[in-house]
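Coordinates in review
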Amino acid sequence: MPDFQNELYPHLKKYFGFDSFRDQQEEIVTSVLNKKDCLVIMPTGGGKSICFQLPSLLLKGTTLVISPLIALMKDQVDGLKANGIPAAFFNSSQSAEEQHKILESTHQGELKLLYVAPESLQGLSPILKEEFISCVAVDEAHCISSWGHDFRPSYQQLGFLKSTLPLTPIIALTATADKATREDIMAQLKIPRAKQFLASFDRKNIALEVRPAHDRVSQILQFIKQRPNESGIIYCLSRKSTETLVAKFLDNGIKAAAYHAGLDFESRNKVQEDFIFDKTQIVCATIAFGMGIDKSNVRWVIHYNMPKNIEGYYQEIGRSGRDGLPAQALLFHSYGDVIQLQRFASGATNEEVQLAKLDRMKQFSEASTCRRKILLSYFGEFLGEDCGNCDVCKNPPQFFDGTIIAQKILSTIARLKELEATGIVIDVLRGAQNAAVLDKNYQEIKTYGIGKDISWNDWQHYAIQLINQGFCEIAFHKNNVLQLTPYSKDVLFGKTRVLLSKPLKKEERVALEKEQ
Ligand code: ADP
Ligand code: ZN
């Protein structure tokens, strides 16, 4: 075998402009060069591309890159060409003639990298021979597994690659690491002995914060006004929210653009470019945004809505702070979102998995332990000490005896005959005079107005804790009304003490904001 070792650094410098490898890149590159199958788990922005792009330059033949992201292939290929690397893509958007040309140049050994969507692999059968293909890279490899968070049926046929090209190394790459998914990837790609490379998922520079979703828009406006000229991304669940938010920003003189699947290719491209070149400060996007964009100075990511799982959340916040400088991830936690996501999941082929993942996301949002610990343990990493860079660490909750508060909430729920959602329960406690309360004569209820001394937000904070602790529950199937549980009675009769954490005072929150 040729000695590649002396070539690695000169190639890294010449084609990619880097002087050194990051963490495990060199070891991975060497493994691929030694024709070993590999499974690379590295967070978004970690530098996965080099792991197959660099070996492609040193091996004879073409490296096939399987990627689900047709929309990005052109950009990726253009980028490679600009660096002097002969590359092309092959997908259904091309004419037969174009496709033929690509087959021909692979045949001639002219291409180093060929990007292909799994659906289009069949079209490549004339060149799927060991003599033409140097390596197969399966990008976004978690798509192969129904355990993953982004299952794609077209990925499931990829097992044939190993059978067709038994001597060609396969390198599977993903930013998703849970163990079941990992094993599934190796089984399905038929690379049971693949060498696994697990990079650390810790992105210490990203400060984590979760807030209740009350009055999100003003919270976001305030957040942004404190960070003039910083680039950021806001993820929303619906196209409509992206557009509503953008309108709000423009009203406030902030440059923002919406990005979602309803826009045509050109508009999306424009949004992306304006963002990359700092012409647009903020992009409000559905999940389609950010895959593969290479912008190192994104300073913050806000989740206007709750993501459907921790993998997605982690990937999205990972688009901030790629330059290693301090960045912020702010997540708004809302039960309304949870319910909507549950609806989306219901009826899906892997409904149970999706719901379980959503549940973990919810637990993360509600946690009163270091959030980074939860995040990392999800990916199988153990963080010995608290991180010091999340909202829980910066402001550890103080617990106090909240039995009386709990009793007030629970007895109101009982007096409302378990027929009303959290908002009305709080309105009744605070003696609100709105139609929803007065029309039903709730002002006659014994607990009406007994909680005026506590703000609406604080009541919500307490109610969420009672839900988390199982003293009451949301009936998702009955318009989300609050109901009692078998544990409520003990609280109401004074047999159980309830510990609650104090909500942040407004000044504390503002001070914390400034500190960051
Ligand atoms: P991933 O595919 O894991 O999300 P990329 O391969 O797109 O990540 O790399 C993320 C960023 O890191 C890119 O801007 C890339 O140029 C940069 N990068 C990768 N490897 C190195 C390295 N060895 N030195 C410096 N920058 C690197
Ligand atoms: Zn922490």
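Residues numbered from 1 in each chain as written. Chains lettered and ligands numbered in written order. Predicted model: local features only at pLDDT ≥ 70, side-chain atom pairs only at ≥ 80, totals over all residues.

1. Side note on the overall build of the protein
Each helix and strand in the protein was counted, giving 21 helices and 17 strands. When burial is assessed residue by residue, the protein has 40% of its 516 residues classed as buried. Long-range contacts, defined as pairs at least 24 residues apart, comprise 72% of the intrachain contacts of the protein with a sequence gap of at least 6. (Helix = DSSP H or I, 4+ residues; strand = E, 2+ residues; numbered from the N terminus. Buried ≥ 20, exposed ≤ 12 C-beta atoms within 10 Å, placed from the backbone. Contact = placed C-beta atoms within 7 Å.)

2. Quick notes on unusual backbone geometry
Phi at Asn229 is positive, roughly 70 degrees, even though this residue is not glycine. Checked against the element boundaries, Asn229 lands in the loop between helix 8 (216-225) and strand 9 (231-235). With a phi angle near 60 degrees, Asn441 is a residue other than glycine that sits in the positive phi range. Within the secondary structure, Asn441 sits in the loop between helix 18 (435-438) and helix 19 (456-468).

3. Thoughts on the pairing of strand 6 (residues 170-174)
The buried fraction of strand 6 is high, at five of five residues. Side chains Ile170, Ala172 and Thr174 project from strand 6 onto one buried face, and the interleaved Ile171 and Leu173 project onto a second face that is buried too. As judged from the four bridges shared by strand 1 (residues 38-41) and strand 6, these two strands associate in the parallel manner. Note that in strand 6 the partner of Val40 across the bridge is Leu173. (Pairing = 2+ DSSP bridges.)

4. A short note on the confidence of the model for the protein
Averaged over the protein, the pLDDT score is 90; the fraction of residues at 70 or greater is 95%. Ranking the helices and strands of the protein by mean pLDDT puts strand 5 (residues 133-138) first, with 98, and helix 21 (residues 506-515) last, with 50. Segment residues 512-516 is flagged for pLDDT under 50; beyond a separation of four residues in sequence, or across chains, it makes five contacts in the model. (pLDDT = per-residue confidence, 0-100.)

5. Remarks on the sheet that holds strand 11 (residues 282-285)
The six strands are arranged 8-13-12-9-11-10 in an open sheet whose pairing can be described as parallel. If you trace the sheet from one side to the other, it starts and ends with strand 8 (206-212) and strand 10 (256-259), each paired once. Going across the sheet, the axis of each strand differs from the next one's by a mean of 15 degrees, ignoring polarity. The pairing of strand 10 with strand 11 spans four bridges and is parallel. Looking at the pairing, Ala256 lines up with Ile282 of strand 11. (Axes fitted to C-alpha atoms, helices over the stretch in contact; angles between N-to-C directions.)

6. With respect to the packing of helix 12 (residues 335-345) against helix 13 (residues 351-366)
Here helix 12 crosses helix 13 at 165 degrees, and the two axes come no closer than 9 Å. One element, helix 12, and the other, helix 13, form an angle in the roughly antiparallel class. Here the hand of the crossing between helix 12 and helix 13 comes out right-handed. Of the residues in helix 13, those touching helix 12 at Val338, Leu341, Gln342 and Ala345 are Glu351, Gln354, Leu355, Leu358 and Lys362. Residues that form the contact of helix 12 with helix 13 fall into these classes: five nonpolar, two polar and two charged. (Parallel < 35°, antiparallel > 145°, perpendicular 65-115°, else oblique. Left-handed = near helix turned anticlockwise from the far one by under 90°. Nonpolar A, V, L, I, M, F, W, Y, C, P; charged D, E, K, R; others polar.)

7. Let's talk about helix 7 (residues 179-188)
Regarding helix 7, the residues found buried are Thr181, Arg182, Ile185 and Met186. One face of helix 7 carries all of its buried residues, which in axial projection span an arc of 130 degrees. For helix 7, exposure combined with an orientation more than 90 degrees from the buried face picks out Lys179 and Ala180. The inward-facing, buried residues of helix 7 contact strand 1 and strand 6. After helix 7 finishes, the residue Lys190 shows a positive phi value of roughly 60 degrees. (Arc of directions from axis to C-beta.)

8. Points about the packing of helix 1 (residues 5-16) against helix 3 (residues 49-58)
Running from amino to carboxyl end, helix 1 crosses helix 3 at an angle of 110 degrees, the nearest separation of the two axes being 10 Å. Comparing their axes, helix 3 and helix 1 come out roughly perpendicular. For the pair helix 1 and helix 3, the contacting residues are Glu7, His11, Leu12, Tyr15 and Phe16 in the first and Ile50, Leu54, Leu57 and Leu58 in the second. Residue composition of the contact of helix 1 with helix 3, by class: seven nonpolar, one polar and one charged.

9. Details of the site of ligand 1
Around ligand 1, the surrounding shell holds 13 residues, and the nearest of these are Phe18, Gly46, Gly47, Lys48 and Ser49. Among the residues forming the shell around ligand 1, the class breakdown is four nonpolar, six polar and three charged. (Near = placed C-beta within 6 Å.)

10. Things to note about the sheet that holds strand 4 (residues 113-116)
The strand order across the open sheet built from seven strands is 3-4-2-5-6-1-7, with neighbouring strands paired in parallel fashion. A strand with exactly one partner marks an edge of an open sheet, and here the two such strands are strand 3 (87-90) and strand 7 (195-198). Across the sheet, the axes of successive neighbouring strands diverge by a mean angle of 20 degrees, strand direction being ignored. Bridging between strand 3 and strand 4 involves four bridges; their strand directions are parallel.

11. Some thoughts on the nonpolar core
Ranked by size, the top nonpolar core spans 56 residues in total, and within it Val40, Leu114, Ala137, Val138 and Ile171 carry the most contacts. Considering every element that reaches this core, the biggest residue donor is strand 5, with five residues. Other than its neighbours up to four places away in sequence, Val138 contacts Ile66, Leu158, Ile170, Ala172, Leu173 and Leu189. (Core = buried A, V, L, I, M, F, W, Y, C linked by C-beta atoms within 7 Å.)

12. A closer look at helix 10 (residues 265-276)
The end-to-end C-alpha distance of helix 10, which contains 12 residues, comes to 16 Å, matching closely the 16 Å that a straight helix rising 1.5 Å per residue would cover. Among the residues making up helix 10, those that are buried are Arg268, Val271, Gln272 and Phe275. Take helix 10 and look down its axis: the buried residues cluster within an arc of 95 degrees, on one side only. One or two residues past the end of helix 10 sits Asp278, with phi positive at roughly 60 degrees. (Expected span 1.5 Å × (residues − 1).)

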